[in-house]
Amino acid sequence: MTWSAQQYSLFEAERTRPVRDLLSAVPPKEVAWAADLGCGPGNSTEVLLHRCPDAAITGVDSSSDMLDAARERLPGLRFQQADIAAWQPSDPYDLILANASLQWIPDHAALFPQLAGCLTPGGSLAIQMPDNQDEPVKRLLRQVAASPRWADRLGDERSTRFPRHPATWYYDLLTPHCRRVDIWRTTYWHVLPGGVDAIVEWFKGSALRPFLALLDPQEQPAFLQDYRDALAQAYPVQADGSVLLPIPRFFLVATR
Ligand SMILES: C[S@@+](CC[C@H](N)C(=O)[O-])C[C@H]1O[C@@H](n2cnc3c(N)ncnc32)[C@H](O)[C@@H]1O
């Protein structure tokens, strides 16, 4: 699947707000080494840099388009093209940030303890993942993909379904490796002045990408129209013409 930094960044202010909320909950510690896993176009890395301006920061991402944008934005930092699932740094980190990236990686039972093992004593793993699998935006995406018109090409697409574990599961997974595990969930009600079309644009930057990748370019507008029509039933237009897009997000700060 390919990513587009330009499409992703259309809603950058909304997508970056959880990074600040996440980092504000990290216990204080001098940070010499920090990493941003799934750094995207560098928006989360920039917040990390403000939090620890003296740290040596590495941004990691698998997408060359995202990395090009991140390097242009933050030329003084180091960016590395790598798969987070296989990321094994030679030295430990004081702070590892992963904002809106680990939900794309299936095996959390292996990944999360592996990342906790990359921390210095007192170091923190700060993770945020959208928890919106049951929201109409995701449910309707699966439903439209499984409809007779699209099922033969899209019915097996599974990226909107993995991985999903309760807070209690993450707590038990990480407490053997970390002395403190702090978990919370927040719903952001994003105001989208562009109405339902803006919801489609938002997800063209993320959850729609694996689906669109399976379609020919000439088929994509019809699929997007079907998705838009389904969304219009679920997201009423407010009196000022905007729609409210609720996105529940799961936060976890694990400190070694
Ligand atoms: C939704 S964006 C998050 C960008 C940024 N961290 C933010 O806070 O907005 C997810 C990023 O994770 C990256 N990504 C997804 N799976 C990955 C993997 N297995 N290894 C490395 N990067 C991955 C994508 O390329 C994308 O840039």
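Notes on the structure follow. (Residues numbered from 1 in each chain as written. Predicted model: local features only at pLDDT ≥ 70, side-chain atom pairs only at ≥ 80, totals over all residues. Heavy atoms only, no water.)

Our next topic: the sheet that holds strand E6 (residues 180–192). Read from one edge to the other, the open sheet built from seven strands follows the order E3-E2-E1-E4-E5-E7-E6, with strand pairing classed as mixed. Edge strands, defined here as strands with exactly one partner in the open sheet, are strand E3 (78–81) and E6. Taking each pair of neighbouring strands and ignoring which way they run, the sheet shows an average axis angle of 15°. Sheet analysis places strand E2 (residues 56–61) next to E3, joined by four bridges and oriented parallel. Looking at E3, one finds that Val 60 is bridged to Gln 80. Running at roughly 160° to strand E1 (residues 33–37), helix H3 (residues 43–51) makes contact with E1, E2, E3 and strand E4 (93–99) of the sheet. (Pairing = 2+ DSSP bridges. Helix = DSSP H or I, 4+ residues; strand = E, 2+ residues; numbered from the N terminus. Axes fitted to C-alpha atoms, helices over the stretch in contact; angles between N-to-C directions. Contact = heavy atoms within 4.5 Å.)

The environment of the ligand is formed by 20 residues, the closest being Tyr 8, Gly 38, Asp 61, Asp 83 and Asn 99. Within the contact set of the ligand, a nitrogen atom lies 2.7 Å away from a backbone nitrogen or oxygen of Gly 38. Between a nitrogen atom of the ligand and a main-chain N or O atom of Ser 62, the distance comes to 3.2 Å. Surface burial for the ligand is 95%, taken as the share of its 600 Å² of free accessible area covered by protein chains. (Near = heavy atom within 4 Å. Polar contact = N/O pair within 3.5 Å; in protein donor to acceptor, adjacent residues only side chain to side chain. Areas by Shrake-Rupley, 256 points an atom, 1.4 Å probe, with all protein chains shown as cover.)

Core analysis: the largest hydrophobic core is formed by 29 residues, its most contacted members being Ile 199, Phe 203, Leu 208, Phe 223, Tyr 227, Leu 231 and Leu 245. Those elements that provide at least two residues to this core are helix H6 (136–145), helix H9 (196–204), helix H10 (209–212), helix H11 (220–234) and strand E7 (243–255). Per element, the largest residue contribution to this core is six residues, and it comes from H9. In contact with Tyr 227, not counting residues within four places along its chain, are Val 137, Leu 140, Leu 141, Val 144, Val 200, Phe 203 and Leu 208. (Core = buried A, V, L, I, M, F, W, Y, C linked by side-chain atoms within 4.5 Å. Buried < 20%, exposed > 50% of the residue type's maximum accessible area, 1.4 Å probe, protein only.)

Here we come to the packing of H9 against H11. Where H9 meets H11, the closest approach of the two axes is 9 Å, and the angle between their N-to-C directions is 125°. Judged by the angle between their axes, H9 and H11 are oblique. When the axes of H9 and H11 are compared, the crossing they make is right-handed. Between H9, through Val 196, Asp 197, Ile 199, Val 200, Phe 203 and Lys 204, and H11, the contact on the second element is made entirely by Leu 224, Tyr 227, Arg 228, Leu 231 and Ala 232. When the residues that make up the contact of H9 with H11 are grouped by side-chain class, the tally is eight nonpolar, no polar and three charged. (Parallel < 35°, antiparallel > 145°, perpendicular 65-115°, else oblique. Left-handed = near helix turned anticlockwise from the far one by under 90°. Nonpolar A, V, L, I, M, F, W, Y, C, P; charged D, E, K, R; others polar.)

For the structure shown, the criterion picks out ten aromatic pairs. Seen from their ring centres, Trp 150 and Phe 223 are 5.4 Å apart, and the 80° between their planes marks the pair as edge-to-face. Of the two residues, Trp 150 is situated in the loop between H6 and helix H7 (151–154) and Phe 223 in helix H11; the sequence distance between them amounts to 73 residues. Considered together, Trp 150 and Phe 223 belong to a single accessibility category, that of buried residues. For the pair Phe 211 and Phe 223, a centre-to-centre distance of 6.4 Å together with 15° between the ring planes defines the contact as stacked. Pair noted here: Phe 211 is in helix H10 and Phe 223 is in helix H11, with a separation of twelve residues, a long-range link. For the pair formed by Phe 211 and Phe 223, the shared burial category is buried. Through pairs of rings, three or more aromatic residues link up here, namely Phe 112, Trp 169, Tyr 170 and Phe 250. (Phe/Tyr/Trp six-rings, centres within 6.5 Å; stacked < 30°, edge-to-face > 60°.)

Taken together, Trp 189, Val 191 and Leu 244 make up a surface patch of nonpolar side chains, about 290 Å² in accessible area. Here Trp 189 shows up in strand E6. (Patch = residues over 30% accessible without salt bridge, like charges linked within 9 Å, V, L, I, M, F, W, Y side chains within 5 Å. Salt bridge = Lys/Arg side-chain N within 4 Å of Asp/Glu carboxyl O.)

Here we take up unusual backbone geometry. A positive phi is found at Ala 100, a non-glycine position, where the angle reads about 60°. A residue is classified by how much of its surface remains accessible, and Ala 100, at 18% relative accessible area, is buried.

Glancing now at the pattern of salt bridges. Using the criterion set out here, one finds ten salt bridges in the structure. Two residues, Asp 226 and Arg 149, come together in a salt bridge whose shortest N-O distance is 3.0 Å. Placement of Asp 226 in helix H11 and of Arg 149 in the loop between H6 and H7 is noted, with a sequence separation of 77 residues between them. Taking the relative accessible area as the measure of exposure, Arg 149 reaches 47% and is therefore partly exposed. Linked by salt bridges that have partners in common, Glu 12, Glu 46 and Arg 73 make up one network.

Checked against the element boundaries, His 190 lands in strand E6. Apart from the residues lying within four places of it in its own chain, the contact partners of His 190 are Glu 14, Trp 202, Val 243, Leu 244, Leu 245, Ile 247 and Arg 249.

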